[in-house]
Each structure stands twice: as structure tokens, then as C-alpha cells.
Amino acid sequence: MANSVSRSDKLGPQERAAAIESLKTKNLDVLVVGGGVVGAGAALDAVTRGLSVGMVEARDFASGTSSRSSKLIHGGIRYLEQMNFGLVREALLERGLLLQRLAPHLVKPIRFLYPLKNPLERFYIGAGMLMYDLFAKTGEVKPGVPMHRHYTRSQVAKMSPGLSKNSFSGGLTYYDAGVDDARFVAVLARTASFYGAHVAPRVRVEGFLKVGQRVVGAQVVDLETGERFEIRAKQVVNATGVWTDDTNKMVGERASFRVRASKGVHLVVPRDRFQSASGLLLRTEKSVLFVIPNGRHWIIGTTDTDWKLDKAHPAATAADIDYLLGHVNDVLAVKLTRADVEGVYAGLRPLLSGESDETSKLSREHMVAHSVPGLVLIAGGKYTTYRIMAKDAIDAAADALDDKIPASTTKDIPLLGAVGYKAAWNRRGKIARAFGLHRVRIEHLLNRYGTLTDEILDLIRQDPKLAEPMPGADDYLQAEITYAATHEGALHLDDVLARRTRISIEAWDRGISAAPVAARLMADALGWDEERTQREIDTYVKRVAAELASQEQPDDESADRIRLEAPDIDSVLGHAGDNTPFGTAPALPMIEVDETADVEAATAKAESKDAQKS
């Protein structure tokens, strides 16, 4: 059990070094493998139960699926048609918790318009939206969003003048919520660290340790230094998303379920390309299409197709882009073209493999399994239900521990920056005047950092030049780049341009003009020399070029080949990295460990407990 709790809200280089030292020397209760939203959520869940916890991530926090979602916190209104009422209700209750209690600074209500094609749809769609609203009201926390509403044809035309007049006969609106997905995970990881978890990005698992048939830890490599070491833990949680099967192969056992990757592509378009006071929900021949308001941009998505190629860098194709443009253009008066697209990103959903050939029909529910003693698998699910997934995974790990472990408390634990956010929001005008910044700048910071905005403003107070905007991405201040390196665990240029900010998908040049400035800010914070700084810039520029070229390709295979021509920063720096978090070489064999008599006795007791349960 954890005997002491760290209370630093920073997650910089010194904190990472301290975490790695603890991972080397402690026998943890729980080691979480994977730093996406579920892994970070599991680390927070475990540490707030009083367990000693480590979390390792092979790349950056949220560098996989968790930074490439639709950036929605939603119930999944389309799942009502699939009669998946339990999943919808669960997600809606989580939405209310996030909006009202856990992360009001990061999760915001969004209104969506559903344009009706004919009057008969009004009853059918309206009944679904009413059910959606009622499910949201069944929890202990208020929904935090208004009820759905019906609109006439003229009212829809006034609300969304950018729609083609013959594309609707009326409309309905309902509410869900939006989130900066990668930022949310970074804050979640920092919150876990704040409560005492030993959190280390860019530490890759290469194999597992075992005593007898029981997993008792992992063999890992620090990708920043190339150092290899072992982490001991009573329970290991595999929260690696689309890499779940790859991770599980390291123990040589077949899990009770498989994970199938589904590619989802999104386009980012400037908000002024068409007028609408709300987002849009559109039907397609396979599923639905969202047009999501996101600051000064629209996010249009998504596709849902099988993906069997590189998992670290899924590539969007010209066909994906044309598909999305074609469907949104069906309802727009002035059609969008490729020239209007300022950003494109592709992510992979970790779906539970089923009998259906269509990924859009596979379950969005999650499963937990103990494939071998000491190793818990968690897979499937939705971003919105990450907290429930994390809870279920740690419940499974806790059941196998000797002590009576407290129940999950995360429904009552706000993320860093949440406490006092509403009071700070009400004072945003005064804060702006005190620092000589525009009120919109303070609003931007409060909606990204909450009350941690004070730490950004402290950096600006120390160096007023940090109040200047980033080149080509003037929504973001230079202080945010410095802060990402000193407080948020960012170790590479790609971390800040693609995840701590969204410059890589929001800037017309995909962040090329911002890269040199951001790299030099990171160099000052992290102590890079000129050669290292230039390598970071060159690697990022090659990444952008490869992504742009891949988006001109007609199919997945050619797009994947072009995208992988850009090297990852590990190979550029000469460390033990490659293009995938778990490597391309065959999995290492399980490593037999000679433990002390005390540990062997504890293991035997735990195995006996497992046998009794089965």
C-alpha cells in the first residue's frame, strides 16, 4: 500500500525521473500499461483507493486513439437504434459527471441540429431524443445541458443559414458535450500523479516478469535514455487499446476476446466556411456524420472502416476525405472543397471483435478479463465511459490482492484545474485587466487549464515575451509551449504541436511555422542543445510532409506506406525505439524471476484465491 502521497501538480522532467526511480525500486500494488484515457483513468482510480501505482506509456500520453477521437463526450444517440440502452444511459450519466463535477473546465455543452428530411421523421427522431434526455436525468448529477427542441423549417433556416434550402423540412436540436481529448488525458495523468501515482511517458514494455504462471511485473525500456529495467507489481493492467492483442502475446496466452481496429477519419475546416449556430448530426448510408463546432473550426467526421496496417500512425486517404466532404456537401448551400480543409487526422477505435464484418456494427461496450494470474485486460468501450472502464479494471485487480481494497472514489474526485473554475470564470475580466491580456485570451486559458491558468500567468509574469502568440497559430500563447514541457510531461516537439495544443490540425501549414519557435521554447525548458533542437524540427517537418502525401493516396496500403516514410523521433535520436509502441520484433519470452520467500508466499496465496474464484 502507498505510505506517502506526492502533492506536486507538476509532471515535468524532474517528476518523470523521480517516477522512474520509484518504478525501479518499489514493489507496486498495480502497474498500468498504457497512457491513453483508460490507462490514465485506471491509474487515478487505483491510487485514490490507497494503492501504490505505476503507469507507463510507450510514447506520449494520448498519442494513440485518445488524441484522435471526435472530441465528444456523448451518450451515442445512434446506439438507441441498436437498442443498446444500457450503454447510452451509462455514457449519459458519465457526461453529466464530467460536465458538472469532474471536469467543467475541459468538457463543454454542444448543441446539435438534426435536419429533418421529411415530416415523418419528426416523431421517430423526436422520440429517440426524448429517451436520450430522460436517460440523462436518471443519475445523481443533473445532466448539465438543456432538453431537445423541435424547430420549423423557417427556424432551421435562421439557425443554420449555411444549409441548402432543399436539404431539410424542419429540424430538432439536442445537446451533447465536447472535449479536447488529448488535453483531457494529460490532465488526467497529472491528477493521478498528484495523488501519488508514479507516471512515466516514453517507457515501453518489452516483456513481462512471472513467478510460476503468475505475472509479477514488466521488463521495460526508457526510450529517452535507452536504459532497461524491471518493474515489480502484484497486478498489471493492460490498457493498451488497439495494441491489446500485441501486449497479450507477450505472455503467450490467448485472451477470451480480441480487439479489432476501426479507422475513423476527421476533417478540420475553418468556422467561417459556412454559417450555423449549432453543430450538425447527419445520417449516412452506414452510420451518422457529425459536424462539430470546435473553437474557430468545424470538425467533420467520421469514417468507420477496418484497419489492419500500422497501428501507431493510421493514415487518411484521398477517398476518406472525399467521402466526408461528399456527405457534408449534401446539406450545404456552398460546397466545401479540398482547399477548405486545414487539418486531417485519423484514429483507431479498439472494438471488441465480433461476428459482424462491419466495424460500425461492432459493440462499443467494454470487457475486462484476467487472461493469466496477475494480468488484467481492459478493452473496447468509448472515450466517454473511460471512468467506468478504469473502475472495472481496478475492481478486477483489487479482487486478486490480499487486502480489502476500498471501492472506487473517482466519481467524486475533480481533475486538476476543476475546483474553483466557475469562480475564476466569473473573474475573467479582472484577470485580463491585471495581466494586460484580452479577455478572450483568459477565456481560452481557463477552458484549457481551469484554475491552473494561474501557473501559465506566472510564467508570463516572469517573462512577458511568453504572452506573444505562436506563429501561424495565434490562438495559442508561447507560454503554453513552455508550460507543456515544464508541467505536462511533453518531451518532444510533436507532443506539444499535436497533443498539448492542436496546432498540427488547426494551422493551415500544419504547424510548420510554429515548429521552430516551439522547439526553442522547449529547448530552453528541457536543456536541448542546438543539434537536438534542429533534429526535433526536422522530424516534425518530415511527419507533416508524410501525412500530407499520404492524404493524396487512393487506398489504405499506399497511404500507410507513404506515412511510414517519416521517422519517429526515437530512431532519429538513436534510442531503442521504432514505429510501434511494442516493437516489430517477436515478443520477448516470459522472464522467470527468483523472488524472496515472502513474495513467493504472497504469490501462492493469491493463486489459491484465484483458484477458489474460478
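Keep in mind the model is a prediction, meaning the values are calculated, not measured.

Draft legend 1. Fine view of the confidence of the model for the chain. The predicted model of the chain has a mean per-residue pLDDT of 90, with 90% of residues at 70 or higher. Across residues 594-614, where pLDDT falls below 50, the model places 21 contacts with residues more than four positions away in sequence or in other chains.

Draft legend 2. Focus on the packing of aromatic side chains. All chains considered together, the criterion is met by 10 aromatic pairs. Geometrically, the ring pair formed by Phe112 and Phe290 is edge-to-face, given 5.5 Å between the ring centres and 65° between the ring planes. Pair noted here: Phe112 is in strand S4 (residues 107-116) and Phe290 is in strand S13 (residues 288-294), with a separation of 178 residues, a long-range link. Across the pair, exposure class does not vary: Phe112 and Phe290 are buried alike. For the pair Phe184 and Tyr386, a centre-to-centre distance of 5.5 Å together with 75° between the ring planes defines the contact as edge-to-face. Of the two residues, Phe184 sits in helix H6 (residues 181-194) while Tyr386 sits in helix H9 (residues 386-399), which places them 202 residues apart along the sequence. A connected cluster of aromatic rings, assembled from ring pairs, spans Phe112, Tyr132, Tyr174 and Phe290. Here the basic side chain of Lys71 rests over the ring of Tyr345, its NZ or CZ set 4.7 Å away from the ring centre. Cation over ring: Arg271 sits above Trp298, and NZ or CZ is 4.6 Å from the ring centre.

Draft legend 3. Expanded view of empty space enclosed by the protein. Under the defined criterion, the tally for this structure stands at 5 cavities of 30 Å³ or more. When its volume is computed, the largest cavity comes out at roughly 660 Å³. Along the walls of the largest cavity sit 39 residues, with Arg68, Asp494, Arg499, Arg543 and Arg563 positioned nearest its centre. Of all elements in the fold, only H6, strand S16 (343-352), helix H15 (493-500), helix H16 (503-506), helix H18 (530-550) and helix H20 (569-573) reach the threshold of two or more residues within the lining of the largest cavity. Broken down by element, the residue count for the lining of the largest cavity peaks at 6 residues, all from H18. Split into classes, the residues belonging to the lining of the largest cavity amount to 14 nonpolar, 8 polar and 17 charged. The computed volume of the second largest cavity comes to approximately 50 Å³.

Draft legend 4. Focus on the packing of helix H2 (residues 37-47) against H9. Across the interface, H2 lies against H9 with an axial gap of 8 Å and an inter-helix angle of 55°. Relative to H9, H2 is oriented oblique. Both H2 and H9 take part in a crossing whose hand is right-handed. Between H2, through Val37, Val38, Gly41, Ala42, Asp45 and Ala46, and H9, the contact on the second element is made entirely by Tyr386, Met389, Ala390, Lys391 and Ile394. For the contact of H2 with H9, the per-class residue count stands at 8 nonpolar, 1 polar and 2 charged.

Procedures and definitions
Residues numbered from 1 in each chain as written. Predicted model: local features only at pLDDT ≥ 70, side-chain atom pairs only at ≥ 80, totals over all residues. Heavy atoms only, no water. pLDDT = per-residue confidence, 0-100. Contact = heavy atoms within 4.5 Å. Phe/Tyr/Trp six-rings, centres within 6.5 Å; stacked < 30°, edge-to-face > 60°. Helix = DSSP H or I, 4+ residues; strand = E, 2+ residues; numbered from the N terminus. Buried < 20%, exposed > 50% of the residue type's maximum accessible area, 1.4 Å probe, protein only. Lys NZ or Arg CZ within 6 Å of the ring centre and 35° of its normal. 1 Å grid on protein atoms, 1.4 Å probe; cavity = no way out; pocket = protein on both sides within 12 Å on 5 of 7 lines; lining within 4 Å. Points joined across faces, edges and corners; volume = space filled by probe spheres on them. Nonpolar A, V, L, I, M, F, W, Y, C, P; charged D, E, K, R; others polar. Axes fitted to C-alpha atoms, helices over the stretch in contact; angles between N-to-C directions. Parallel < 35°, antiparallel > 145°, perpendicular 65-115°, else oblique. Left-handed = near helix turned anticlockwise from the far one by under 90°.

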